[in-house]
Amino acid sequence: MSKTEETQSWPDLAIGLYDKLTGRNAKINYDFNDFKIGVPKKAGSEEKTEWTLSGKLSITTESK
C-alpha cells in the first residue's frame, strides 16, 4: 500500500507534514494574491474542490 492510499484526509496530510518538519526548525512562508487551486476532496481522489487563497500562509515548527 502506498503513502497516498494510507492517508485519508487533509488533516492526516497536515500531521504528516508537521511530523516531517518537527525538530528541523523549518519555516515556510507563502504570499498569495487571489490564488485559486483545485484540491482533491480526499487523498487519492480525482474529485476536486476549489480553494482561493489571499494573504500570507506561514508554516513554522520548532523542537521543544
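Below is a short write-up of the structure. (Residues numbered from 1 in each chain as written. Predicted model: local features only at pLDDT ≥ 70, side-chain atom pairs only at ≥ 80, totals over all residues. Heavy atoms only, no water.)

## Things to note about the overall build of the chain
Heads up, the condition is: What counts as a helix is a DSSP run of H or I of at least four residues, what counts as a strand is a run of E of at least two, and both are numbered from the N terminus. Contact definition: two residues touch when any of their heavy atoms are within 4.5 Å. The protein chains shown are the only cover counted for residues, whose accessible areas, like all others here, come from Shrake-Rupley with a 1.4 Å probe.
When its secondary structure is counted, the chain shows two helices and two strands. Secondary structure of the chain in N-to-C order comes out as α-α-β-β. Considering only contacts in the chain between residues 6 or more positions apart, those separated by 24 or more positions represent 52%. Surface summary for the chain: the accessible area is close to 5400 Å², and the carbon and sulfur share equals 52%.

## Some remarks on the pattern of salt bridges
Opposite charge on two side chains makes pairing possible when the charged atoms of those side chains draw close. For clarity, the threshold we go by: Salt bridge, as applied in this entry: a Lys or Arg side-chain nitrogen positioned within 4 Å of an Asp or Glu carboxyl oxygen. Accessible area is worked out with a 1.4 Å probe on protein chains only. A residue is then buried under 20% of its type maximum, exposed over 50%, and partly exposed in between.
Scanning the model with the defined rule gives two salt bridges in all. Between lysine 56 and aspartate 31 there is a salt bridge, with the nearest N and O atoms lying 3.5 Å from each other. With a gap of 25 residues between them, lysine 56 in strand E2 (residues 48–60) and aspartate 31 in strand E1 (residues 27–40) connect regions that are remote in the sequence. What makes lysine 56 exposed here is its relative accessible area of 69%. The class of aspartate 31 is exposed, set by a relative accessible area of 57%.

## Concerning the layout of surface pockets
Spelled out, the test is: Put simply, the grid is 1 Å and covers the protein atoms alone, a cavity is a trapped set of points that fit a 1.4 Å probe, a pocket is an open set with protein on both sides within 12 Å along at least five of seven lines, and lining residues have an atom within 4 Å of a point. Grid points are joined across faces, edges and corners, and a volume is the space filled by probe spheres set on the points. When residues are sorted by character, Ala, Val, Leu, Ile, Met, Phe, Trp, Tyr, Cys and Pro go into the nonpolar class, Asp, Glu, Lys and Arg into the charged class, and all the rest, Gly among them, into the polar class.
Taken as a whole, the largest pocket holds about 450 Å³ of empty space. Taken together, 16 residues form the lining of the largest pocket, with Trp10, Leu17, Trp51, Leu57 and Ile59 sitting closest to its centre. Of all elements in the fold, only helix H2 (10–21), E1 and E2 reach the threshold of two or more residues within the lining of the largest pocket. When its residues are assigned to classes, the lining of the largest pocket shows 14 nonpolar, two polar and no charged.

## Here's the deal with a nonpolar patch on the surface
As a reminder of what qualifies: What makes a patch is a set of residues exposed beyond 30% relative accessible area and free of salt bridges, joined within 9 Å when like-charged and within 5 Å when nonpolar (Val, Leu, Ile, Met, Phe, Trp, Tyr).
A contiguous nonpolar patch, built from Trp10, Leu13, Phe35, Ile37 and Trp51 and spanning about 430 Å² of accessible area, is present on the exposed surface. Those elements that provide at least two residues to the nonpolar patch are H2 and E1. Inspection of the secondary structure assignment puts leucine 13 in helix H2.

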